[in-house]
Amino acid sequence: MRGQNVFEDALNRIKAIGADAGVSSEVVESLLYPRALLQASLPVRMDNGALRYFIGYRCQYNNVLGPTKGGIRFHPRVDQAEVQALGLWMTIKCALLGIPFGGAKGGVLVQPKDLSPMELERLSRAYVRAMADFIGPDIDIPAPDVYTNARIMGWMMDEYEAINRLRAPAVITGKPVQLGGSLGRDEATGRGAYLCIRELALKHGWQAKNIRVAVQGFGNAAYHVSRLLQADGFKIVAISDSKGGVYSEQGFDIESLWQEKQSSRQMRAVYCEQSVCQLIEHNEISNEELLALDVDILIPAALEGVIHHENADQIKARTIIEVANGPVASEAEARLEARGIEILPDVLVNAGGVTVSYFEWVQNRSGYLWPLEEVRSKLENQMKAAFARVWQVAQTEERSLRSAAYAVAMRRIGKAVLSHGTREYFTKDQEQ
Ligand SMILES: NC(=O)C1=CN([C@@H]2O[C@H](COP(=O)(O)OP(=O)(O)OC[C@H]3O[C@@H](n4cnc5c(N)ncnc54)[C@H](OP(=O)(O)O)[C@@H]3O)[C@@H](O)[C@H]2O)C=CC1
Ligand SMILES: O=C(O)CCC(=O)C(=O)O
């Protein structure tokens, strides 16, 4: 699913679940419009002396619960609809986790792998120059997403501080630890997803050694969830990246595969050159084939919309764990549900990243550096509580897990909207 449809699809879910969960129409409506969107052209001097322009976006979707928060993506298919959909999902995610942030997302339309490290740094700094008045520790706080990382966050923070002539580490999270980043932020998205799977395994009585898992994507989020699952005994039988995938019934050693992929990185470069399918000799499979494998758990951990109306009927996994944002389009979801396939939704599964980003922001503002074990234990508490709430609402209200997660989040946003003072609230107040 591409283009405007991603956002339309996201809005349709809000409308359908909002009405079904008894959320007031005023609150649902407040979630249908991004509060602010900045599109900017980013001039970047290339290494050959030429000036190139890139398009950058930042969407502050909703700030009812606090300053807006969300990653920045560098990818060749970034567009306005995508950042809006991602900003909406961030809004739901932060509300579900009880984090005092609204939702945002940013992106640059670029194939970052085509840029040299110096060009990438100039692009990252150009993005912040364009957005400098739009972001801030109490306004909108970016973080990493697809094809951005701690190093890029470091450049961005540095540019923001240079423009404003002050120290402002809390303007961005996911920074290098040496620049005020939090311990444990690098693994947080994968660890949060792993904690959710562990809770789900307890509910279903799964034995890790009997569970076969296929993972689409082999970046930050996919690597950490895969290595943690493998350490518990789950068998990762398939894994892929942008160039294709590999399959082995015996399972893969995730750590050595990751180390090999990392070592294929060119000197000082940000992205890995080689694909998993070039690194090891195993049955090569396409990304489409990976999605259709007969496994217990399918983990899409790359891009949105990969399970859509055309391939939904080919999915054979018993459970889908949405580590990526928006991997299952709503049309596909209805078909999967009708076949009894369980979906643990993105707004819960991948919320570990923003949760530890919140911890980073808190540490930056208070001047602390929490030990790794403290970060991990706080993350575990937060993820378990969110999982338990979603599970309970799903059971008691007979909802899907996604519908339950959205209902919890939208009701929390609703309470905040009313507390801000709407007509409804005002009228009630007058009556008392
Ligand atoms: N990083 C974070 O903290 C968070 C990330 N997420 C979500 O998790 C997902 C992955 O993000 P993250 O791990 O950070 O990103 P990374 O940039 O670290 O990794 C992206 C991975 O996806 C692969 N990929 C890219 N395009 C495709 C494709 N068409 N088919 C299959 N694989 C592909 C890349 O392949 P290659 O290696 O070949 O480039 C890479 O392995 C995204 O949906 C993101 O929004 C959600 C919450 C937080
Ligand atoms: O860490 C953050 O602030 C945001 C992470 C993110 O972009 C996401 O959860 O999709």
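Reading guide: rules and limits
Residues numbered from 1 in each chain as written. Chains lettered and ligands numbered in written order. Predicted model: local features only at pLDDT ≥ 70, side-chain atom pairs only at ≥ 80, totals over all residues. Near = placed C-beta within 6 Å. Helix = DSSP H or I, 4+ residues; strand = E, 2+ residues; numbered from the N terminus. Core = buried A, V, L, I, M, F, W, Y, C linked by C-beta atoms within 7 Å. Buried ≥ 20, exposed ≤ 12 C-beta atoms within 10 Å, placed from the backbone. Domains from an automatic or database assignment. Contact = placed C-beta atoms within 7 Å. Nonpolar A, V, L, I, M, F, W, Y, C, P; charged D, E, K, R; others polar. UniProt positions renumbered as here; feature names shortened; annotations may be inferred.

Remarks on the site of ligand 2
Line of reasoning, step 1. Neighbouring ligand 2 are 14 residues, the closest being Gly-71, Ala-143, Gly-353, Val-354 and Ser-357.
Line of reasoning, step 2. Within the residue set of the shell around ligand 2, elements represented by two or more residues are β3 (68-75), α3 (80-97) and α13 (352-366).

Some remarks on the nonpolar core
Line of reasoning, step 1. One finds Leu-96, Val-213 and Leu-348 to be the most contacted residues of the largest nonpolar core, which totals 137 residues.
Line of reasoning, step 2. Residues lining this core come from more than one domain, with at least three contributed by each of domain 1 (32-181) and domain 2 (186-349).
Line of reasoning, step 3. Those residues in contact with Val-213 that sit more than four places away from it in its chain are Leu-229, Phe-234, Lys-235, Ile-236, Val-237, Val-295, Asp-296, Ile-297 and Ile-299.

Notes on the domain arrangement of the chain
Line of reasoning, step 1. Domain parsing of the chain yields domain 1 (32-181) and domain 2 (186-349).
Line of reasoning, step 2. Placing the centre of domain 1 and that of domain 2 at their C-alpha centroids yields a distance of 26 Å.
Line of reasoning, step 3. Counting only elements with at least two residues in the side of domain 1 that touches domain 2, the list comes to α3, α4 (117-131) and α5 (150-164).
Line of reasoning, step 4. In terms of residue count, α3 provides more of the side of domain 1 that touches domain 2 than any other element does, 6 residues in total.
Line of reasoning, step 5. Residues that form the side of domain 1 that touches domain 2 fall into these classes: 9 nonpolar, 1 polar and 3 charged.

Examining the UniProt feature "binding site: substrate" (unreviewed entry) in the chain
Line of reasoning, step 1. Mapped onto this structure's residue numbering, the UniProt feature "binding site: substrate" (unreviewed entry) falls at Lys-69, Lys-93 and Ser-357. Of the residues just listed, which span 289 residues, no C-alpha pair is farther apart than 12.8 Å, and they cluster in one region.
Line of reasoning, step 2. Examined against the element boundaries, Lys-69 turns out to sit in strand β3.
Line of reasoning, step 3. The class for Lys-69 is buried, based on 30 C-beta atoms found within 10 Å.
Line of reasoning, step 4. Apart from residues lying up to four places away in sequence, Lys-69 is in contact with Met-90, Cys-94, Phe-101, Gly-102, Gly-103, Ala-104, Ile-141, Val-354 and Ser-357.
Line of reasoning, step 5. Summarising the element assignment, Lys-93 is placed in helix α3.

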